[in-house]
Amino acid sequence: MSNVGSLSYPAQCSSIKKGGYVVIKEKPCKVVETSTSKTGKHGHAKVHMVAIDIFTGKKLEEICPSTHNLMVPNVARTEYLLIDISDDGFLSLLLPDGSTKEDLKLPSGDLGEKIQAAFDEGKELMICVLAAMGMEEAKSFKEAN
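Only a predicted model underlies this, so the values are computations on that prediction, with no experimental measurement involved. (Residues numbered from 1 in each chain as written. Predicted model: local features only at pLDDT ≥ 70, side-chain atom pairs only at ≥ 80, totals over all residues. Heavy atoms only, no water.)

K.L.:
Before we move on, can you summarise the sheet that holds strand β7 (residues 75-85) with the specific residues and values?
P.N.:
In space, the 5 strands of this open sheet follow the order β9-β8-β7-β10-β11, with antiparallel pairing throughout. Across the chains shown, the open sheet's two edge strands, defined by having one partner strand only, are β9 (100-105) and β11 (135-143). This sheet shows a mean twist of 45° between the axes of neighbouring strands, independent of strand direction. Across 4 bridges, strand β8 (residues 90-94) lies against β9 in antiparallel orientation. Residue pairing in the sheet places Leu 94 in a bridge with Thr 100 of β9. (Pairing = 2+ DSSP bridges. Helix = DSSP H or I, 4+ residues; strand = E, 2+ residues; numbered from the N terminus. Axes fitted to C-alpha atoms, helices over the stretch in contact; angles between N-to-C directions.)

Shown next as C-alpha cells:
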C-alpha cells in the first residue's frame, strides 16, 4: 500500500456487496460477485470477491476473512461540458467555475469514436468522468439539452 490513504477508506470485508467498490492490488475495482464460505475450525468465515478494475476492465479476485478490513476507493463521477477535442486527442472540458480541464485523453475504442463523431456533427456533449485513486477517465457521454 503506497499512498492510498486519503484516496480510500477501510470497510469490513463482509459489508462490501456486489455493485460496491473495493481496492484490490492497489487498483480501484467494482465488485461483480461475492460469496462467503462457512467458518472454519479457526473461526473465520471467508469472503471471496470477484471485481473488475474500473479503468482497465481486468478481472481481479480477493479472499479475506469476513471480519478483516479491505480498502474502499473514493470514486467520484462528474459531468463536464465538452468544448473541444485537440488534434493530439485531448478533451477540453468546461469546469463549473468557468476554467477548463485539458488533461484527459479521448477514450480509445468505440466510446472515443462515438464522442468524436458526435462532436464533429456539432452536438453539445456532456462527458461523464470517473475519478478514483488519482486516476481519471471519460466513461460515457450524453447530448446536452
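There's more to say after this.
K.L.:
Outline a negative patch on the surface, listing residues and values.
P.N.:
Taken together, Asp 84, Asp 87, Asp 88 and Glu 102 make up a surface patch of like negative charges. A relative accessible area of 51% means that Asp 88 is categorised as exposed. (Patch = residues over 30% accessible without salt bridge, like charges linked within 9 Å, V, L, I, M, F, W, Y side chains within 5 Å. Areas by Shrake-Rupley, 256 points an atom, 1.4 Å probe, with all protein chains shown as cover. Salt bridge = Lys/Arg side-chain N within 4 Å of Asp/Glu carboxyl O. Lys, Arg positive; Asp, Glu negative; His and termini not counted. Charge placed at Lys NZ, Arg CZ, Asp CG, Glu CD. Buried < 20%, exposed > 50% of the residue type's maximum accessible area, 1.4 Å probe, protein only.)

K.L.:
Kindly report on the pattern of salt bridges, identifying the contributing residues and their values.
P.N.:
Taken as a whole and assessed by the stated rule, the structure comprises 6 salt bridges. The salt bridge involving Lys 101 is made with Asp 103; its shortest N-O contact spans 3.0 Å. Lys 101 gets classed as buried once you look at its relative accessible area, which sits at 12%. Salt bridges here are not isolated pairs; linked through shared partners, they connect Lys 101, Asp 103 and Glu 136.

K.L.:
I'd love a proper account of the sheet that holds strand β3 (residues 27-36), names of residues and values included.
P.N.:
Taken in spatial order, the 4 strands of this open sheet run β2-β3-β4-β5, and their pairing is antiparallel. At either margin of the open sheet sits one strand with a lone partner, and together these are β2 (21-24) and β5 (59-65). Averaged over neighbouring strand pairs, the angle between their axes works out to 45° when direction is ignored. Summarising the sheet, β3 and strand β4 (residues 46-53) pair through 7 bridges and their orientation is antiparallel. Pairing of Lys 30 across the sheet is with Ile 52, part of β4.

K.L.:
Before we move on, can you summarise unusual backbone geometry with the specific residues and values?
P.N.:
For Glu 26, which is not glycine, the phi torsion reads 60° and is therefore positive. Within the secondary structure layout, Glu 26 lies in the loop between β2 and β3. Residue Met 133 is not a glycine yet carries a positive backbone phi of 55°. As for its position among the elements, Met 133 is in the loop between β10 (125-132) and β11. Residue classification places Met 133 among the buried positions, given a relative accessible area of 12%.

K.L.:
Break down the pairing of β4 for me, with residues and values.
P.N.:
Examined bridge by bridge, β4 and β5 share 7 bridges and lie antiparallel to one another. Paired with Val 50 across the two strands is Glu 61, which belongs to β5. Hairpin remark: β4 followed by β5, antiparallel, with 5 residues in the connecting loop; positive phi at Gly 57, about 80°.

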